Amino acid sequence: MVFGKKKDIEEGKEEVSLLVSTPWHALSVDAAIETLKLTPALKGTGLTTKDAEARFEEHGPNAMTAKIRKTIWERIWDQVANVLVGILVTVAVVSAIRAITATDSDTIVTNWIQVGLIVGVVTTNTWIGIMQEGSAEKAAEALKNMLSSDARVMRNGKEVMIPATTVVPGDLVMLGLGDRVPADVRMIRVNNLACQEAALTGESVPIDKTVDPIPIPANGNADQTPLGDRHNMCFSATLVAQGAGTGLVIATGDFTQIGTINALVNKVESKKTNVLEQIDHISKWLAVFIMCAALVTFLVAYLYTGLEPIDSVTIALVCAVGMIPEGLEAIVTLTYAWAVSNMAKQNAIIRALPAVETLGSVTVICSDKTGTLTKNEMSLTAFVISNTRLRFDVHNTDRVNTNFVMDNTFLTERAQHQINKKTAEVIANGENVPSAAIL
């Protein structure tokens, strides 16, 4: 029984691998249907419920695999797992024990203050580090937000709406104006259909779709055909700009083109900049020096001056704390923030603070055409109601009320004719009003 199940799994993997490697754009409609092990009658009736359930079991849900996220405790551990923080924690523990066991009120207060300061410093540095993490996770989350939530398919000869996650290879999908494509689709019928694929291909204009297979040169490779030239295909997460059509689903979830991008984003590893690497290197040498100095201080206090062991340990630890640069990471972060602020004044927006360091050594920036830098989508920047004007933060991905900020400066400038400002100039600068000028 186990061997049979293992064989079925291997066969399933081989079939999925075959679907991924198939050049669907180079196949005719009938050949594509045959490759999916379906009959030509599919074009009129679609999958049956039984076939759809079987294919769902085989291929899984039409969703992109999420990267395993670190828990908050794992993130905290990543921030505190270094020698300097270990020394601070040790000092805090010893100070707490001394405060608990001491009888003198001054000693109790002094040690508890020291514990509070150390805990505050460690907590602040940890919070700053956690806030700077997660850029790759946000990018993957943005890709998921591009996916369609439902799909119009043909099942059992009837047109029905189903959740997009239940779409399977072999489904017949109906597309119309404004629809978001739920999966990678080989078109079998089109009616003036065009899709907006700027997010994938960088093309600023919609791509007209056809049905005929893409001719491949005799010595050519079908995989080398650019996505923008595969005009008989519609890709997951793209938007139907005009017309209508019917297509055959050939890939879902992680096996779509957008799923491939998601997999690459999830493989991004966080890499420290030169400054952060140098800070780690210096921290290790500082830790060695501080421990040696603390040991020498303890030996002098205990053996030379004749102090009690607990008093000698306390003096040694206090010296260690005095030598630890607790605010080093905070100072670096503030320096980064200051640099980002200066760049913002020059109309350069920087999302990750450490990127400022890399930009400092950049001489040439090479970028592709539009599409890789923008999704080619119109965005609301501001709107006017009866008695005020509201400016919208287009850079915020969260849909919250605080994205709208009252900005009457724009209306004021329009009303003041004596300043002799052209309407076009006021409109052009309307969204760039400094925050200090907002009423």
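Small disclaimer: the values here were computed from a predicted structure and weren't measured.

**Concerning the state of the cysteines**
Formally, a disulfide is one covalent bond, and it connects the sulfur atom of one cysteine to the sulfur atom of another. The final tally for this structure, using the stated rule, is zero disulfides. With no disulfide of its own, Cys195 lies closest to Cys234 among cysteine sulfurs, the gap being 3.6 Å. Using a relative accessible area of 0% as the deciding quantity, one classes Cys195 as buried. According to the relative accessible area criterion, Cys234 is buried, its value standing at 0%.

**Re the environment of Phe235**
With respect to the helices and strands, the residue Phe235 is situated in the loop between strand 6 (233–234) and strand 7 (239–251). Here the alpha-carbon distance between Phe235 and Arg186, two residues 49 residues apart in the chain, equals 8.9 Å. Not counting the four nearest positions on each side in its chain, Phe235 is found in contact with Val181, Ala183, Asp184, Glu197, Leu200, Leu227, Arg230 and Gln257.

**A few points about the sheet that holds strand 10 (residues 404–406)**
The three strands are arranged 8-9-10 in an open sheet whose pairing can be described as antiparallel. With partners counted over all chains shown, the strands left at the sheet margins are strand 8 (382–384) and strand 10, one partner each. Averaged over all pairs of adjacent strands, the angle between strand axes in this sheet comes to 25°, irrespective of strand direction. Examined bridge by bridge, strand 9 (residues 389–392) and strand 10 share three bridges and lie antiparallel to one another. Across the sheet, residue Arg391 finds its bridge partner in strand 10, namely Val405.

**Brief notes about the packing of aromatic side chains**
One pass over the full model with this rule turns up three aromatic pairs. Relative to Phe404, the ring of Phe383 lies with its centre 5.5 Å away and its plane at 75°, an arrangement referred to as edge-to-face. Of this pair, Phe383 sits in strand 8 while Phe404 sits in strand 10, placing them 21 residues apart in sequence. Seen in terms of ring centroids, Phe392 and Phe404 are 4.9 Å apart; in terms of plane orientation they differ by 45°. Their pairing is tilted. In this pair, Phe392 is assigned in strand 9 and Phe404 in strand 10, connecting sequence segments 12 residues apart. Residue class for Phe392 comes out partly exposed when judged on its relative accessible area of 24%.

**A closer look at the pairing of strand 9**
Here strand 8 runs beside strand 9; their pairing, made up of three bridges, is antiparallel. Note on strand 9: the bridge partner recorded for Ala382 is Arg391. Adjacent in sequence and paired antiparallel, strand 8 and strand 9 are bridged by four residues.

**Regarding the nonpolar core**
With 24 residues, the main nonpolar core has Leu38, Leu42 and Leu248 as its most contacted residues. Mapped onto this core, the elements with two or more residues apiece are helix 2 (29–35), strand 3 (172–175) and strand 7. The residues contacting Leu42, other than those within four sequence positions of it, are Ile33, Leu47, Gly170, Leu172 and Leu248.

**A word on the confidence of the model for the protein chain**
Put simply, the protein chain has an average pLDDT of 77, and 77% of its residues get 70 or more. Every residue in residues 1–14 scores below 50 in pLDDT, and together they form zero contacts with partners more than four places removed in sequence or on other chains. When the criterion is pLDDT under 50, residues 431–439 qualifies, and its contacts beyond four places in sequence or with other chains add up to 13 contacts.

**Examining the pattern of salt bridges**
Tallying each qualifying case throughout the model produces five salt bridges. Here Asp171 and Arg155 are joined by a salt bridge, their closest N and O atoms 2.8 Å apart. In this pair, Asp171 sits in the loop between strand 2 (158–163) and strand 3 while Arg155 sits in strand 1 (residues 150–155), placing the two residues 16 residues apart along the sequence. With a relative accessible area of 0%, Asp171 lands in the buried category. Accessibility expressed as a relative area gives 14% for Arg155, which makes it buried. For Lys209, the salt bridge goes to Glu197, with nearest N and O atoms at 2.5 Å. Residue Lys209 is located in the loop between strand 5 (207–208) and strand 6, and its partner Glu197 is located in the loop between strand 4 (184–196) and helix 9 (198–201); the two are separated by 12 residues in the primary sequence. The two residues Lys209 and Glu197 agree in class, both being buried. Among the charged side chains, a network of salt bridges with common partners joins Arg152, Glu159 and Asp179.

**Observations regarding the packing of helix 11 (residues 274–304) against helix 12 (residues 309–323)**
The contact between helix 11 and helix 12 brings their axes to 8 Å, and the two run at 150°. The angle between the axes of helix 11 and helix 12 places the two elements in the roughly antiparallel class. Crossing of helix 11 against helix 12: the hand is right-handed. On helix 12, the residues that touch Phe289, Ile290, Ala293, Ala294, Thr297, Phe298, Ala301 and Tyr302 of helix 11 are Pro309, Ser312, Val313, Ile315, Ala316, Cys319, Ala320 and Met323.

**Observations regarding helix 12**
Helix length check: helix 12, at 15 residues, gives a terminal C-alpha distance of 21 Å against a target of 21 Å (1.5 Å per residue), a fit within 8%. Along helix 12, the residues classified as buried are Ser312, Thr314, Ala316, Leu317, Ala320 and Val321.

Parameters and conventions
Residues numbered from 1 in each chain as written. Predicted model: local features only at pLDDT ≥ 70, side-chain atom pairs only at ≥ 80, totals over all residues. Heavy atoms only, no water. Disulfide = S-S within 2.5 Å. Buried < 20%, exposed > 50% of the residue type's maximum accessible area, 1.4 Å probe, protein only. Helix = DSSP H or I, 4+ residues; strand = E, 2+ residues; numbered from the N terminus. Contact = heavy atoms within 4.5 Å. Pairing = 2+ DSSP bridges. Axes fitted to C-alpha atoms, helices over the stretch in contact; angles between N-to-C directions. Phe/Tyr/Trp six-rings, centres within 6.5 Å; stacked < 30°, edge-to-face > 60°. Core = buried A, V, L, I, M, F, W, Y, C linked by side-chain atoms within 4.5 Å. pLDDT = per-residue confidence, 0-100. Salt bridge = Lys/Arg side-chain N within 4 Å of Asp/Glu carboxyl O. Parallel < 35°, antiparallel > 145°, perpendicular 65-115°, else oblique. Left-handed = near helix turned anticlockwise from the far one by under 90°. Expected span 1.5 Å × (residues − 1).

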